[in-house]
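Each chain is listed here by its residues.
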Amino acid sequence: MAENNGWDQFDAGAILFSFNDKVDNIATTHAEDRPYSKSNSYTASVGDWRVAKPIFNKDFCIDCQFCWIYCPDISILSRDKKMVGVDYDHCKGCGICVEVCPTNPKSLLMFNELADEETELAAWPEKESKEK
Amino acid sequence: MADKMDLLEVEVWDGNMAASQAFRQVQIDVVAAYPITPSTPVVENYAGFLADGYVDGEYVMVESEHAAMSGCVGASAAGGRVATATSSQGFALMTEVLYQASGMRLPIVLEVVNRALAAPLNVNGDHSDMYLGRDSGWIQLDTFSPQEAYDLTLMAFKIGEDHNVRLPVMVHQDGFICSHTAQGVKTIDDDVAYNFVGEFQPFNAMLDFEKPASYGVQTEEDWHFEHKARQHNDLMTKVFPQIQSVFDGFEKLTGRKYRIVEEYDMEDADVAIVAMGTSVESVRIIANELREKGVKAGVVGIRVLRPFPLTELAKVFSGVKAIATLDRSSPNGTVGMLFNEISGVLINTNDNPIMNNYIYGLGGRDLTMDHIRSIYDDLIVNAEAGALQQPLQQFIGLRGPKLSFY
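Caption draft 1: Region of interest: the domain arrangement of chain B. Residue and element names in this part refer to chain B. Each assigned domain of chain B is listed here: domain 1 (10-200 + 220-254) and domain 2 (264-405). Opposite the 29 residues of domain 1 that make contact, domain 2 presents 28 residues. Across the domain 1/domain 2 interface, buried area totals approximately 2,300 Å², and carbon plus sulfur atoms make up 59% of it. The interface formed by domain 1 and domain 2 holds two salt bridges in total. Taken together, the connections running from domain 1 to domain 2 amount to 12 residue pairs in polar contact (both at pLDDT 80 or more).

Caption draft 2: Quick look at the pairing of strand β6 (residues 139-142) of chain B. All names here are of chain B. Along β6, one buried face is formed by Ile-139 and Leu-141 and the opposite face, lined by Gln-140 and Asp-142, is buried too. Relative to strand β7 (residues 169-174), β6 is paired through four bridges, and the arrangement is parallel. If you follow Leu-141 over to β7, its bridge partner there is Val-171. Traced from β6 through helix α6 (residues 146-160) to β7, the parallel crossover comes out right-handed. With two bridges connecting them, β6 and strand β13 (residues 304-306) associate as antiparallel partners. Across the sheet, Leu-141 pairs through a bridge with Val-304, a residue of β13.

Caption draft 3: Main features of the sheet that holds strand β16 (residues 393-396) of chain B. All names here are of chain B. Read across the sheet, seven strands follow the order β10-β12-β11-β14-β15-β16-β17 without closing on themselves; strand pairing throughout is mixed. Strand pairing shows two members of the sheet lacking a second neighbour, β10 (261-264) and β17 (404-405), which therefore form its edges. Two elements, strand β14 (residues 322-327) and strand β15 (residues 354-360), share six bridges in a ladder whose sense is parallel. What sits directly across from Ala-322, in β15, is Ile-354. Contacts from helix α10 (residues 279-292) reach β10, β11 (271-275), β12 (297-302), β14 and β15, with the element oriented near 170° to β12. Strands in contact with helix α13 (residues 369-385) are β11, β12, β14, β15 and β16; relative to β11, the strand with the most contacts, it is inclined by about 135°.

Caption draft 4: Molecular detail of the packing of helix α8 (residues 224-237) of chain B against helix α9 (residues 239-254) of chain B. In contact at an axis separation of 4 Å, α8 of chain B and α9 of chain B are set at 35° when each is read in the N-to-C sense. Along its contact with α8 of chain B, which presents Asp-234, Leu-235, Met-236 and Thr-237 of chain B, the element α9 of chain B presents Val-239, Phe-240 and Pro-241 of chain B.

Caption draft 5: Region of interest: the interface of chain B and chain A. Tallying the contact residues gives 18 residues for chain B and 20 residues for chain A. Taken over both partners, the interface formed by chain B and chain A buries close to 1,800 Å², and the fraction arising from carbon and sulfur atoms is 65%. When the buried area of chain B at its contact with chain A is split by residue, Glu-210, Trp-223 and Arg-230 of chain B rank highest and sum to 32% of it. Our count for the chain B to chain A interface comes out at one salt bridge. Lys-22 of chain A is the partner of Glu-210 of chain B in a salt bridge, and the nearest nitrogen-oxygen pair spans 3.7 Å. Counting across the interface, chain B meets chain A through three residue pairs in polar contact (both at pLDDT 80 or more). If you list the elements that add at least two residues to the side of chain B that touches chain A, you get β9 (213-214) and α8 of chain B. The element contributing the most residues to the side of chain B that touches chain A is α8 of chain B, with five residues. Here the side of chain B that touches chain A is composed, by residue class, of eight nonpolar, five polar and five charged.

Caption draft 6: Examining the state of the cysteines more closely. Residue and element names in this part refer to chain A. Taken as a whole and assessed by the stated rule, the structure comprises zero disulfides over all chains. Between Cys-71, a cysteine without a disulfide, and Cys-94, which holds the nearest cysteine sulfur, the sulfur-to-sulfur distance is 6.3 Å. Of the residues examined, Cys-71 reaches a relative accessible area of 18% and is grouped as buried.

What counts, and at which threshold
- Each residue is numbered by its place in its chain's sequence as written, counting from 1.
- Chains carry letters and ligands carry numbers; both start at the beginning, A for chains and 1 for ligands, and go up in the order they are written.
- pLDDT decides what is reported in this predicted model: residues at 70 or higher carry local features, side-chain atom pairs at 80 or more are listed and counted, and totals for whole chains, interfaces and linings draw on all residues regardless.
- For side-chain calculations, the full set of non-hydrogen atoms in the structure is used, while hydrogens and water are omitted.
- Where a domain begins and ends is set by an automatic assignment or by a domain database.
- When checking whether two residues touch, look at their non-hydrogen atoms; a contact exists if any pair is within 4.5 Å.
- Values labelled buried area give the accessible surface lost by two parts on being combined, using a 1.4 Å probe and summing over both.
- The salt bridge criterion pairs a side-chain nitrogen of Lys or Arg with a carboxyl oxygen of Asp or Glu, the two atoms within 4 Å.
- Pairing of N or O atoms within 3.5 Å defines a polar contact, subject to two protein rules: one partner must be a possible hydrogen donor and the other a possible acceptor, and residues neighboring in sequence count only if both atoms are side-chain atoms.
- For each residue, the accessible area found with a 1.4 Å probe, counting protein chains only, is set against the maximum for its type, and the residue is called buried under 20%, exposed over 50%, and partly exposed in between.
- Secondary structure is summarised from DSSP: a helix means a run of H or I of at least four residues, a strand means a run of E of at least two, and numbering begins at the N terminus for each.
- When DSSP finds two or more bridges between two strands, those strands count as paired.
- Here a crossover is taken to be right-handed if, once the strands point away from the viewer, the path from the first strand over the helix to the second is traced clockwise.
- Interaxial angle, 0 to 180 degrees, is taken between N-to-C directions of lines fitted to C-alpha atoms, where a helix line uses only the stretch in contact.
- Each residue gets one label: Ala, Val, Leu, Ile, Met, Phe, Trp, Tyr, Cys and Pro are nonpolar, Asp, Glu, Lys and Arg are charged, and the others, such as Gly, are polar.
- Only a pair of cysteine sulfur atoms within 2.5 Å qualifies as a disulfide here.

Given below as structure tokens:
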């Protein structure tokens, strides 16, 4: 949103446009290549009220894409059906990705927002053995 | 492609059918409705037209009036021509969404068949629901007969959908007295009516995939004020020119002349009654009667309630000695809305007419010719005395001891 806009400088109806220009084939354009406008939350950090965050451990990931499909905020980064990581500017810490992760141990786990990623990855839980 | 309907030059329609036919002729894309008395036939007739192939659109049945207006908001934001109808309790339930519609600048047309608000429950006509909507940011057009309901409903689309205006429009008609009273209504040919209103032109449509828009954003103290100011500014400066332009075009097309202020015998009037709805026609009859007796009686009908034509009204009242404002809604603890509005019109003028206020017709109580005569009698006394000779506010047509205040 431009700063110092007067009342007469807005689009009527307080509507916001996602893109600066007209777009086509948006579904096949990666987010970083889309001409997002300033008023689109893609360019804003909106995850700052998160208190718990998911940490991704690629050692156990099978790229099933469950987390990518279930994430309600498009905050799982994935390319060519390979899990890349978490977009912490937009993730709200809901934990759904961890819930749906099917690996053993899970490839995503929730930690305190202030937890150190390297430390937690080094102390990742062992594979759980099934009870007979 | 929708079938055309052959209409007689004059059809016998009640106000509801008149509105339904206007809805049909403009070929609405989406009607989301939850029918309520006395507006039920507006959407019932319309659903019939759609089922019989006279309309090429969608009719969405919903679970409440709140949902009906919400459906209208969604469809309008998506980029279609949208309308619905309601009354009374349904209108009250819609109220939250009315503000959403106007704030998002969605040109929805809402046919409001005016009815009293409970409690006590009542299905008959008064203006309580119309008054409830007056701060909602909608344009409010008032009609006095089925002919006017037909004409103004057609015009409402052309007024609200204009890209400079982009505001929702209520078309009001009195429950039962207008909505269920059949009269000869002069019709317009389907093609002529459609071409007059024109094909819907989407504007910042949510479903424009090349330029998608977000509707319903949140603004706090940083930007909310600016958006509300923009809306108020557009209501104040852009609506009257568009209404006048549409009225002019309609007169050219049909010969039927509408005015932003429906003044009647006001040029030289000493005494005047201000009213809304079907009462305007009744008051004109008594004004004619008084004119024959040499009394300079005039009538002002409020055609456009919002935005309120303050400066135009000041000109119309110039030189008038006594004015009565007739409010068909319980003010519940103060003077009637019209008394306040007309006082506001006159306070900074050099005119200093004696003004009083009558509360009448609540819950469908009749306003009789004798009631109107008695009001003009009061005005004549006040005009001659140059001072108010009765209480400022009186109830008319009420059982029991005379009720008056101030």
